[in-house]
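Understanding the architecture of this molecule
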Amino acid sequence: MYFIMNFWEKYRKGIELRCTENRYAKNDVSYWRDKLFAITMSYILPLTLIAIIPGIFMGLLVGSIAIVIFDIAVLVLLILIIAPTDLPVIWRKRIFCFIAYSSGVFLLFFIDDSGPGLLYLLAVSIFFILIFHSRNAFISFYVNLFVCLLVGVFIKFNLIPYETTVQVEGFEIEHWIAVSANLLFLSAVFSFLIPKLFFGLEASLDKQIELGNKLKVNQESLSASVKKLEQKNEELEQFAYVASHDLQEPLRMVSGFVSKLEQRYNDKLDDKGRQYISLAVGGCKRMKNIIIDLLDFSRTGITDKEIELFDVQMVVNDIIGSHQNLIEEKKALIKTNQLPQIYSYRLLITQVLQNLISNALKYSKKDEVPIVEISCEKTPEYWKFKVQDNGIGIEEEYFSKIFVLFQRLHDKDEYSGTGIGLAIVKKAIESMGGEVCLESEENKGTTFYFTIPVIEKG
């Protein structure tokens, strides 16, 4: 069985190699015309051998030289079609159609002029329309018209040898006109309708090709833009890193000298002078915090590091440890609900939770114990996190503004900060392919929701 299947596969591929042209793509109708021809030839040849070889022996047995010659000619031409020569595919198709039409005429003349020959010619006409270009569709109609006229002439002038034709008694030219008209009518219909189908298909494919070419151009343009953007991001990251260090140095110097001025000349300064020095030192500290936060923001979303499996609960525990003094000072409660192990970007998740927890502690009510609840649930596609607090809340009109860089809703003297934390949260979550939103009501607390895609460990 394996030998037979292997032989058939090689045979089929050999036929396809000779009966199709490599210049057509799969989105070209001509490719499928050739494909149909190749598939037909792969099945026609063995079936024809089964029919012709016994026919040759029967022709020799009954002494019908015409049948023998015809069968041998068909066999030779079929072998020529599938022979590994430089014969173009178009000529292989023409030879096959010549054989098919000749067989139809043979059936008309030597078997029955009103029987299977007409059906055979109709089938050949349809196949002709399918394997040749649509502009050649009506050639099959003209061939059938010529055959019908030729047979009509033979019948009219009684030129068909009676000994070699099975004729119905009383069959006249009127009968032939009646039966052949059906063939010509159907040939004309198919010659008109089938090309219409192909015209629509070709138009659709041409449109697809045009859209594909535009898409390819757009993809190339997009790839070039992405490459430039990546290069700009790298340059921006380097700039932010260098700038942060270069800016912090003069700030440290200014802060240091101002502190020394305060120490050395404190007894000579009045209250106004001490206030100015305090403002200068505080300004330096805030500027330093802004630079550090800007550096964090510029690096947020850089996910070139390997993703890893980690415990979110351990991440939250580390964040709680880093805020221990503030938590103890405010007697805050941090509640977690079975936080899972996930396979994702640990650094980015840490940045998000760090900023959300820090904000929840910072914007708490002065007369109420801060309570922060953190939970997580899994959907088929996303991890959905929830960070809820009972703080001062946010008015709905500011929901979109709080994620903007440097956007602050409170005076710096009332609540410290640089206005970068939530911008970092949004950038980090979106860089992981997630989303962030919130629910809040003034004086009743805020709930942040964010999602990140579930990544299966490979």
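Because the structure is a prediction, the values reported are computed rather than measured.

Listing the buried residues of helix H12 (residues 421-431) in full gives Gly421, Leu422, Ala423, Ile424, Val425, Ala428 and Ile429. Downstream of H12 by a residue or two, Gly433 has a phi angle that is positive, lying close to 90°.

With respect to burial, strand E7 (residues 445-453) is a largely interior element, 8 of its 9 residues being buried. Of the pairings in the sheet, the one linking strand E5 (residues 382-389) to E7 comprises 7 bridges and is antiparallel in character. The residue bridging Gln388 from the neighbouring strand is Thr447, located in E7. Of the pairings in the sheet, the one linking strand E6 (residues 435-441) to E7 comprises 7 bridges and is antiparallel in character. For Val436, the partnering residue across the bridge sits in E7 and is Phe450. In this structure, the hairpin formed by E6 and E7 is closed by a connection of 3 residues, where Asn443 is found at a positive phi of approximately 70°.

Pairing is mixed in the open sheet, where 5 strands are placed in the order E2-E4-E5-E7-E6. Lying at the two open borders of the sheet, with one neighbouring strand each, are strand E2 (333-337) and E6. Along the sheet, successive strands turn relative to each other by an average axial angle of 15°, direction set aside. Where helix H11 (residues 346-362) meets the sheet, its contacts fall on E2, strand E4 (371-378), E5 and E7, and the angle it forms with E7 comes to roughly 175°. Along the sheet, H12 makes contact with E6 and E7, crossing E6 at roughly 140°.

Time to look at the packing of aromatic side chains. Counting across every chain of the model gives 7 aromatic pairs. Where Phe37 meets Phe96, the ring centres are 6.0 Å apart and the plane angle is 70°; that geometry is what we call edge-to-face. Of the two residues, Phe37 sits in helix H2 (residues 29-62) while Phe96 sits in helix H4 (residues 89-110), which places them 59 residues apart along the sequence. When sorted by exposure, Phe37 lands in the same class as Phe96, which is buried. Seen from their ring centres, Phe96 and Phe127 are 5.6 Å apart, and the 70° between their planes marks the pair as edge-to-face. With Phe96 in helix H4 and Phe127 in helix H5 (residues 116-131), the pair connects residues that are 31 residues apart, well separated along the chain. A relative accessible area of 10% means that Phe96 is categorised as buried.

Per-chain confidence: the protein averages 76 in pLDDT, with 78% of residues scoring 70 or above. Per-element averaging of pLDDT across the protein places helix H8 (residues 271-299) at the bottom with 66 and E5 at the top with 89. In the model, residues 162-168 has pLDDT below 50 throughout and makes 9 contacts with residues more than four positions away in sequence or in other chains. Low pLDDT (under 50) marks residues 410-415, which in the prediction has 9 contacts with non-local residues, meaning those over four places away or in another chain.

By size, the foremost hydrophobic cluster in this structure holds 41 residues, and its most contacted members are Phe37, Met41, Leu78, Ile81, Phe96, Leu108 and Trp176. Of all the elements in the fold, those that place two or more residues in this core are helix H1 (2-19), H2, helix H3 (65-82), H4, H5, helix H6 (137-156) and helix H7 (173-265). Looking at this core element by element, the count peaks at 8 residues for H4. Aside from chain neighbours lying at most four places away, what touches Met41 is Tyr11, Ile15, Cys19, Leu78, Ile81, Ile82 and Phe96. Within the second largest apolar cluster, 38 residues are counted, among which are Phe310, Ile320, Phe385 and Val425.

What follows is about the layout of surface pockets. Its volume calculated, the second largest pocket comes out at about 550 Å³. Forming the walls of the second largest pocket are 21 residues, and the residues nearest its centre are Thr48, Val74, Ile99, Ser103 and Tyr120. Every element with two or more residues in the lining of the second largest pocket is listed here: H2, H3, H4 and H5. The element best represented in the lining of the second largest pocket is H4, accounting for 6 residues.

Considering all chains together, one arrives at 5 salt bridges under this definition. Across the salt bridge formed by Asp34 and Lys93, the nearest N and O atoms sit 2.7 Å from each other. Of this pair, Asp34 sits in helix H2 while Lys93 sits in helix H4; the two residues are 59 residues apart in sequence, bridging distant segments of the chain. Lys93 shares its class with Asp34; the two are buried. Note that Glu430 and Lys426 form a salt bridge whose closest N and O atoms lie 2.8 Å from each other. One end of the pair is Glu430 and the other is Lys426, both in helix H12 and 4 residues apart, which spans about a single turn.

Calculation notes
- Residues numbered from 1 in each chain as written.
- Predicted model: local features only at pLDDT ≥ 70, side-chain atom pairs only at ≥ 80, totals over all residues.
- Heavy atoms only, no water.
- Buried < 20%, exposed > 50% of the residue type's maximum accessible area, 1.4 Å probe, protein only.
- Helix = DSSP H or I, 4+ residues; strand = E, 2+ residues; numbered from the N terminus.
- Pairing = 2+ DSSP bridges.
- Axes fitted to C-alpha atoms, helices over the stretch in contact; angles between N-to-C directions.
- Contact = heavy atoms within 4.5 Å.
- Phe/Tyr/Trp six-rings, centres within 6.5 Å; stacked < 30°, edge-to-face > 60°.
- pLDDT = per-residue confidence, 0-100.
- Core = buried A, V, L, I, M, F, W, Y, C linked by side-chain atoms within 4.5 Å.
- 1 Å grid on protein atoms, 1.4 Å probe; cavity = no way out; pocket = protein on both sides within 12 Å on 5 of 7 lines; lining within 4 Å.
- Points joined across faces, edges and corners; volume = space filled by probe spheres on them.
- Salt bridge = Lys/Arg side-chain N within 4 Å of Asp/Glu carboxyl O.

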